[in-house]
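These are the residues of each chain, in order.
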Amino acid sequence: MKLYYKAGACSLSPHIALREAGITFEMEAVDLQTKRTESGADFTQINAKGYVPALALDNGKVLTEGAAIVQYIADLRPESGLAPANGSEARYQLQSWLSFISTELHKPMGSLFNPAQSEDWKAAAKALLSKRLNWLVTEMGEREYLLGEHFTVADGYLFTVLGWAGMVGVSLEPWPSLQAYRARIAARPKVIEALKAEGLI
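Counting restarts for each chain: residues are numbered from 1 in the order of the written sequence. Local features are withheld for residues below a pLDDT of 70 in this predicted model, meaning they are given only at 70 or higher, and side-chain atom pairs are given and counted only at 80 or more; totals for whole chains, interfaces and linings count all residues. With hydrogens and water set aside, each side-chain value is computed from the structure's full complement of heavy atoms.

Describing the sheet that holds strand β3 (residues 36-37)
In short, DSSP must find at least two bridges between two strands for them to pair. Starting at the N terminus, helices and strands are each numbered in turn, a helix being any DSSP run of H or I of at least four residues and a strand any DSSP run of E of at least two. Spatially, 5 strands are ordered β3-β2-β1-β4-β5 in an open sheet, and the strand pairing comes out mixed. The open sheet has two edge strands, β3 and β5 (62-64), and neither has a second partner. Whether two residues touch is decided by their heavy atoms; if any such pair falls within 4.5 Å, the residues are in contact. What counts as an axis is a line fitted to C-alpha atoms, over the stretch in contact for a helix, and the angles between N-to-C directions run from 0 to 180 degrees. Across the sheet, helix α2 (residues 66-76) lies against β4 (54-56) and β5, angled at about 120° from β5, the strand it touches most.

Here is the structure:
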């Protein structure tokens, strides 16, 4: 398989999942401005949506959308514990977390990178993010990870999105438990591998 990625972007989430699952894969960076891969290929011919992540499967098909990709990866290695079993209540809890991170955190946090957004719009987005992070901290309580005591693909996704906070002017200081959560995940050997591979550390 081959993961098409941009360093530090949301493609870091499936990158972490692949390493945590112990799956052999290739990586190819994408320039999202020119829509060219590092080998010179037209990325829009690989993923017509033009954004990462995209995972080229062994059968020649391409899977897109991070929440779907990470579940696919987890299901390739069910013994990894990266996702609860399909059909279980816990699996739907995982999907609920993936949806929340995607719509309520990823979208507003990611949009703050857009220089065309007005200051009023950015202020409103940051206020919304603050409410969502307050809810997240309350919901997690004393749990080490989103689903309890075990790391799942949802944690890799949340880790990725929280990593953008400082870049877009969102301080995590009001939420020390989130700072501790992110540090805990950053210390995982496979997460360190992914960060090094993308040149982030």
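Back to the text.
Points about the layout of surface pockets
Definitions used for this entry: grid spacing 1 Å over protein atoms alone; cavity, a set of points where a 1.4 Å probe fits but cannot get out; pocket, an open set with protein on both sides within 12 Å along at least 5 of 7 lines; lining residue, one with an atom within 4 Å of a point. Grid points are joined across faces, edges and corners, and a volume is the space filled by probe spheres set on the points. Estimated volume of the largest pocket: approximately 680 Å³. Cys 10, Tyr 51, Val 52, His 106 and Trp 164 are, among the 21 residues lining the largest pocket, the residues nearest its centre. Listing elements by their share of the lining of the largest pocket, those giving two or more residues are α2 and α3 (89-111). By residue number, the principal contributor to the lining of the largest pocket is α3, which donates 4 residues. Residue composition of the lining of the largest pocket, grouped by class: 12 nonpolar, 6 polar and 3 charged. Classes in brief: Ala, Val, Leu, Ile, Met, Phe, Trp, Tyr, Cys and Pro nonpolar; Asp, Glu, Lys and Arg charged; the others, Gly included, polar.

Here's the deal with the environment of Leu 129
Residue position: Leu 129 is located in helix α4 (residues 119-140). Whether a residue is buried, partly exposed or exposed follows from its accessible area with a 1.4 Å probe, protein chains only, as a fraction of its type maximum: under 20%, in between, or over 50%, in that order. Look at Leu 129 and you get buried, because its relative accessible area is 0%. Considering only alpha carbons, one finds Leu 129 and Leu 200, 71 residues apart in sequence, at a separation of 24 Å. Setting aside residues no more than four positions away along its own chain, Leu 129 makes contact with Glu 104, Leu 105, Pro 108, Met 109, Leu 112 and Val 170.

Here's the deal with the environment of Ala 165
Along the chain, Ala 165 falls in the loop between α5 (153-162) and α6 (176-186). C-alpha separation for the pair Ala 165 and Met 109, spaced 56 residues apart in sequence, amounts to 7.2 Å. Residues in contact with Ala 165, not counting those within four places in the same chain, are Met 109, Val 170 and Leu 172.

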